[in-house]
Amino acid sequence: MTTFKLLKIEIRMLYNQFRLAITTPSMLLFYGVTFFGIFFVSSVISSLVTFAPLLVNLSGLMEETIDVWMIYAATAVLSASAVVSGYFGVGPAAVLSDIDESLLMSMPVKPHQIFLSRYGRRIIRKVSFIFLGLLAVFPLLQSAGLLFLTMATILVIITIFLEINYLLGAMSSYARLWISKKATSPLRHLLVVLLGILVLLPASPWLIETLRVFVIVPSNALALSLSEFTGIFSQGVNPIVGVMLILVDFAICILVMANLTGYEYYEVFAAIKGQEQTEGRFSKIIRGDVDFSNSRFNDPMIWIMLKDFWSRLRSPMQLWKYIYAVFGTGFVLYLNIARPPWFPAFMIPVGLAFAIVPAFILMMIMFVQMGSVTAMLSFVDERDNVYLLKASPFKPRDIILAKYLLSLFEVAIAVLPACGFLIYLLHIEGYLAIITLAAPLVLIFTATGNAIGAYVPVITNDPKTLPVPLAFSFPIINLGLGTAMVYLVAIFANSWIIIVLLPLFTITLVSFFLTLAVHALNTYK
Amino acid sequence: MKGDELINLARVLKVPITKRTIQRSWLIDELIEELEKRSSRDSPINALHQPAIELEKVTKLFGKTVAVRNLDLQVHPGEILGLVGPNGAGKTTTLRILTGIIRASSGVIQVNGHDINDSPILAKASIGYIPEKPTCYPSLTAREYVTFMARIYKVPQEIALIRMREYVELFQFDEFIDSYIGTLSKGNLQRVLLIGIFVREPPYILALDEPIYGLDPRGAWNLKKLLKRLRGEGSAILISTHILEVATDLCDRFVIMNEGDVVGRGTLEELLALQPQATSLEEVFLGLTGGIPE
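Counting from 1, residues in each chain are numbered in the order their sequence is written. As they are written, the chains are lettered A onward and the ligands numbered 1 onward, keeping that order. Restriction of local features to residues with pLDDT of at least 70 applies here, the model being predicted, together with a cutoff of 80 or more for giving and counting side-chain atom pairs; totals for whole chains, interfaces and linings are based on all residues.

> Outline the overall build of chain B, supporting the account with residue identities and numerical values.
Counting its regular elements, chain B contains eleven helices and ten strands. Relative to the globule expectation of 19 Å for 294 residues, the C-alpha radius of gyration of chain B, 21 Å, shows essentially globular dimensions. On the principal axes, the C-alpha backbone points of chain B span a range of 70 × 40 × 35 Å. Between the buried cut of 20 or more and the exposed cut of 12 or fewer other C-beta atoms within 10 Å of a residue's own C-beta lies the partly exposed class, and all C-beta atoms are placed from the backbone. Scored against the burial criterion, the 294 residues of chain B give a buried share of 43%. Of all intrachain contacts in chain B linking residues separated by at least 6 positions in sequence, the fraction that spans at least 24 positions is 68%. Strands are runs of DSSP state E lasting at least two residues, helices are runs of H or I lasting at least four, and both sets are numbered from the N terminus onward. With C-alpha atoms as the basis for the radius of gyration, the globule rule is written as 2.2 Å multiplied by the number of residues raised to the power 0.38. Each residue is represented by a C-beta atom placed from its backbone, and any two residues with such atoms within 7 Å are regarded as in contact.

Here you go:
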């Protein structure tokens, strides 16, 4: 009964969040931007490319280039990677929060009840987002000549499969807890290899052909469903069989995981909570004894930048980003110069040639968008300290400019290797001209990131939590702006006006978003 | 009680619908009659186990760091025990162990006679906890949270409604009861958590970590008065604080901790006798935790 009470309160919280979202104009605006933004972008994409022939070609091409067992292997690799990463993860402790520590963990409720209720909420939330997502990409589905129900079912079974993988990962984390109680030797971690093999093994063609019962394994069930729904390597089995198998697998996994969730995960949560406040050991080694308070700069803007740079560098994640930027740039330079035979570029089939330029542009926009998340986090990471910054003797304009300039650097170094990789992978004609568009995109997306990040405390009254609509609308706003820019360039491609228009477009948008950010900062309560 | 709350109570008590649209005073009479009938049927007030809280040789290690070492502690019904100590003394860790949030490395912890490791649900059902930093689910309203607490602790609906009203009035929280918790100030958040605890039936076993934190003088005064009343009614209360005025004002006995160890224990008189030069709890505390500064 307690599980249902907990689930009820979780649903109530979701409902309240939804009610808040639709009654708060700013939240509604962001949800609206998200939904109609996706709708707009998918309409533009579907008008640029007609997808139906693309998909017809794709299914034929797939049957020619790969064999059926590769699909089974790919899904099994997904499960295996979930099991391996889950082994090093925190399992069900990931659903716990600081609030749970203060409330639920001291209440007469069992850990598995918290896990199940929180998980139930996660599922309900996901289902609603999938539904909204499907509605928003309706123009794309329509253009590709795909049936809405089939697409929805495919999306649902993929989501359930990913949830099964999450649960497998959680089970793997339990295996680590268990083995750590039984043994202390570092060799105990060989268990993860065994678990990985255990998940990969059922994808063996010989096993599946000899013992058909192995099709019940989640990765095999997904592969079967996908091949039957899409018609690629179809064996004439009713696709519903695969769906049923996945549902059964999901039910088994969630029940097993609920049984495994115990009080030891409270300890795991307490341990990660303690760790997150400490600096990564590796960061400390790299950072050395740098003390930026010795800086000879007096400009407040430089000080904010130095503070952000060094405080971020103390988080392991940020450090890996810099390492990725350095090694990634080196690697793509090597790829583009040496063109190694062991890593060939993607060979574009003739049938798909018409779609490759839009694909290149879309991927470029996506890469810049992904890189620009840092810009949004530059404010979100401040958390409550944003009020300290606001109360300090800095002009709001200086704060925003400092954040923008540092974010610009960080976004640029994240985008650089990605663009280099894109050039190498899709070596399209005129790539040099197109890739230069990444520069204005970086300038604009960094400004939108700063502006949206600056609005977090305005919208939520709580600078610690990034509201969901913001997290969703940020990529959509950027995708919309990116698409608009490409559209502009496409229209004036043969005219000299573009030399004036493109900088004007960029400067106007950057100024607009930075002014918005200043406005947000001025309206903090 | 407000009109809608009375109607809600009437619904819970299954007062016939025809009798609900009557004069307020008649409905109140009807409700009182029904409540009296029910209370006469219900079991008598539960008595607490003696001692209500018992920690025996409790040690907690975080890696090689000793957070709490060999802690022995008992809180009896009708007693307020103050757990005092400087920052990092191990007070909050002790309360987290006591409420089953984390496990002790060794030692025995019993709440109302139930071992927190062997019977965690029974032990946790007996204790109410207010954390050091008050936090709560921001997207619930205060009323929803209190109702949720009543459900989790299996408080009959009619009792929950009456007690909620009683404590909403005591903490002057009426205007915020339907507000989202995320919009409340720290003091009001503390009030919601306290109402959530007191919606249960007394006597209580309470573990309060800095309970006065964030409350305005009137709220703090009300809470202190309430805690003294609850002590008189047989509740067992463990308060962790470093506000020594609060501790002196409320507590019958003290356990003074420093760097995980108990450095002093007893009533104020006993502690003063141990430190002849001290004239107050503050001076005893300073003397036991590093000396009185010049």
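Additional details are given in the paragraphs that follow.
> Can you tell me about the overall build of chain A, naming the residues and giving the values?
The number of helices and strands found in chain A is 24 helices and zero strands. Residues classed as buried in chain A amount to 33% of the 525 residues present. The contacts in chain A between residues at least 6 apart in sequence include a share of 83% that link residues at least 24 apart.

> Report on the packing of helix α11 (residues 218–230) of chain A against helix α12 (residues 239–260) of chain A, specifying residues and quantitative values.
Residues and elements named next belong to chain A. Between α11 and α12, whose axes approach to 8 Å, the crossing angle comes to 155°. With respect to α12, the axis of α11 lies roughly antiparallel. For the pair α11 and α12, the sense of crossing is left-handed. Seen from α11, the contacting residues are Pro218, Ala221, Leu222, Leu224, Ser225, Glu228 and Phe229; seen from α12, they are Pro239, Gly242, Val243, Leu245, Ile246 and Asp249. For the contact of α11 with α12, the per-class residue count stands at nine nonpolar, two polar and two charged. Under this scheme, a helix contributes an axis fitted over its contacting stretch, all axes are lines through C-alpha atoms, and angles between N-to-C directions fall in the 0 to 180 degree range. Angle categories are assigned with fixed cut-offs, so that under 35 degrees is roughly parallel, over 145 is roughly antiparallel, 65 to 115 is roughly perpendicular, and the rest are oblique. Crossing handedness follows the turn of the near helix against the far one: under a right angle anticlockwise gives a left-handed crossing, and clockwise gives a right-handed one. Any residue outside Ala, Val, Leu, Ile, Met, Phe, Trp, Tyr, Cys, Pro, Asp, Glu, Lys and Arg is labelled polar, Gly included; the first ten of those are nonpolar and the last four are charged.

> Describe the sheet that holds strand β9 (residues 253–258) of chain B, listing the residues and the values that go with them.
Strand pairing in a sheet relies on backbone hydrogen bonds. The paired strands run either parallel or antiparallel. Residue and element names in this part refer to chain B. Strand order across the open sheet formed by six strands is β6-β7-β8-β3-β9-β10, with mixed pairing between neighbours. Strands at the two margins of the open sheet, each flanked by one partner only, are β6 (127–130) and β10 (261–266). Shown here is a sheet whose adjacent strand axes are inclined to one another by a mean of 15°, direction ignored. Here strand β3 (residues 79–84) runs beside strand β8 (residues 236–241); their pairing, made up of six bridges, is parallel. By the bridge assignment for β8, Leu81 is matched with Leu238. Pairs of strands are assigned from DSSP output, requiring at least two bridges between the strands.

> Kindly report on the pairing of strand β2 (residues 65–75) of chain B, identifying the contributing residues and their values.
Residues and elements named next belong to chain B. Sheet analysis places strand β1 (residues 53–62) next to β2, joined by seven bridges and oriented antiparallel. Across the sheet, the residue bridging to Ile53 is Val75, located in β2. The loop that links β1 with its antiparallel partner β2 comprises two residues; one of these, Gly63, has a positive phi angle of about 65°.

> Mind laying out the domain arrangement of chain B, listing which residues take part and the relevant values?
In this document the domain limits rely on a domain assignment from an automatic tool or a database. Per the domain assignment, the segments of chain B are domain 1 (1–42) and domain 2 (53–136 + 176–288). Using C-alpha coordinates to define each centre, domain 1 of chain B is positioned 38 Å away from domain 2 of chain B.

> An account of the confidence of the model for chain A is requested, with residue identities and associated values reported.
For every residue, the predictor assigns a confidence score, pLDDT, that lies between 0 and 100. Taken over all residues, the pLDDT of chain A has a mean of 82, while the share at 70 or more is 85%. Highest mean pLDDT in chain A belongs to α12(A) (92); lowest belongs to helix α14 (residues 281–287) of chain A (56).

> Kindly report on the nonpolar core, identifying the contributing residues and their values.
Counting 103 residues, the largest nonpolar core has B:Tyr145, B:Ile195, B:Ile205 and B:Leu238 as its most contacted members. Not counting the four nearest positions on each side in its chain, B:Leu238 is found in contact with B:Ile53, B:Val75, B:Leu81, B:Leu83, B:Leu206 and B:Ala207. Defined on buried residues, the nonpolar core groups Ala, Val, Leu, Ile, Met, Phe, Trp, Tyr and Cys residues joined through C-beta atoms within 7 Å. Core analysis: the second largest hydrophobic core is formed by 58 residues, A:Val41, A:Val137, A:Met301 and A:Val386 among them.

> Which residues make up the environment of A:Ser97, and what values do they have?
Residues and elements named next belong to chain A. Looking at where Ser97 falls in the secondary structure, it is placed in the loop between α4 (68–87) and α5 (98–102). Here Ser97 falls in the partly exposed class, since 16 other C-beta atoms lie within 10 Å of it. Separated by 176 residues in the primary sequence, Ser97 and Lys273 have C-alpha atoms spaced 9.3 Å apart.

> With reference to specific residues and values, describe the interface of chain A and chain B.
Counting residues at the interface gives 26 residues for chain A and 25 residues for chain B. Sorting the residues of the side of chain A that touches chain B by element identifies α1 (2–23), α5 and α13 (264–276) of chain A as the ones contributing at least two each. If one sorts the elements of the side of chain A that touches chain B by residue count, α1(A) sits on top with eight residues. Taken together, the residues of the side of chain A that touches chain B sort by class into twelve nonpolar, seven polar and seven charged.

> Describe unusual backbone geometry, with residues and values.
All names here are of chain B. Look at the link from Gln50 to Pro51: it is a cis peptide, with omega at -5°. Looking at where Pro51 falls in the secondary structure, it is placed in the loop between α2 (24–41) and β1. The residue after Pro202, namely Pro203, is reached through a cis peptide bond having omega 0°. With respect to the element layout, Pro203 can be found in the loop between α7 (186–198) and β7 (205–209). Of note, Lys57 is a non-glycine position whose phi angle comes to about 50°, a positive value.

> Got a sec to walk through the confidence of the model for chain B? Specific residues and values, please.
Mean pLDDT over chain B works out to 86, with 90% of the residues at or above the 70 mark. In the predicted assembly, ipTM is 0.80 and pTM is 0.75.

> Outline the sheet that holds β1(B), listing residues and values.
Residues and elements named next belong to chain B. With antiparallel pairing, the four strands of this open sheet are ordered in space as β2-β1-β4-β5. Unpaired on one side and paired on the other, β2 and β5 (114–115) mark the two borders of the sheet. Inspection of the sheet shows β1 paired to strand β4 (residues 106–111) by five bridges, in the antiparallel sense. What sits directly across from Leu55, in β4, is Ile109. Its contacts with the sheet place helix α3 (residues 91–98) against β1, β2 and β4, and it is angled at close to 115° to β1.

> Can you tell me about the environment of A:Val215, naming the residues and giving the values?
Residue and element names in this part refer to chain A. Counting through the fold element by element, Val215 comes out in the loop between α10 (205–210) and α11. Accessibility expressed as a C-beta count within 10 Å gives 17 for Val215, which makes it partly exposed. Those residues in contact with Val215 that sit more than four places away from it in its chain are Ile208, Asn220, Ala221, Leu224 and Leu245.

> Give me the lowdown on α12(A), citing residues and values where you can.
Residues and elements named next belong to chain A. Multiplying 1.5 Å by the helix residue count minus one yields the expected span of that helix. In this model α12 runs 32 Å from its N-terminal to its C-terminal C-alpha over 22 residues, within 8% of the 32 Å that 1.5 Å per residue would give. Looking at α12, one finds that the buried residues are Pro239, Gly242, Val243, Leu245, Ile246, Asp249, Cys253, Met257 and Leu260. The arc enclosing the buried residues of α12, seen along the axis, measures out at 160°, which places them on a common side. Exposed residues pointing more than 90 degrees away from the buried face of α12 are listed as Ile240, Ala251 and Asn259. As for α12, its buried residues are in contact with α8 (148–182) and α11. By arc we mean the arc of the directions from the helix axis to the C-beta atoms, nothing more.

> Got a sec to walk through helix α18 (residues 373–380) of chain A? Specific residues and values, please.
Counted residue by residue, α18(A) has six buried out of eight residues, so it is predominantly covered. Listing the buried residues of α18(A) in full gives A:Thr374, A:Ala375, A:Met376, A:Ser378, A:Phe379 and A:Val380.

> Give a description of the packing of α4(A) against α8(A) that names residues and reports values.
All names here are of chain A. It is the contact of α4 with α8, at a shortest axis distance of 7 Å, that shows an interaxial angle of 40°. Taken together, the axis directions place α4 and α8 in an arrangement best described as oblique. As α4 packs across α8, the resulting crossing turns out to be right-handed. Facing Leu78, Ser79, Ala82, Val83, Ser85, Gly86 and Tyr87 of α4, the residues of α8 in contact are Asn165, Tyr166, Leu168, Gly169, Ala170, Ser172, Ser173, Ala175 and Arg176. Its residues placed into classes, the contact of α4 with α8 shows eight nonpolar, seven polar and one charged.

> Which residues make up the pairing of β3(B), and what values do they have?
Residues and elements named next belong to chain B. Most of β3 sits inside the fold, with five of its six residues counted as buried. Across four bridges, the pairing between β3 and β9 is parallel. The residue bridging Leu81 from the neighbouring strand is Arg253, located in β9.

> Just give me the short version of the environment of A:Ala447, but keep the residues and values in it.
All names here are of chain A. The residue Ala447 is located in helix α22 (residues 438–460) in this model. Assessed through the 27 C-beta atoms surrounding it within 10 Å, Ala447 is described here as buried. Not counting chain neighbours up to four residues away, the residues in contact with Ala447 comprise Tyr404, Leu509, Val510, Phe513 and Leu514.

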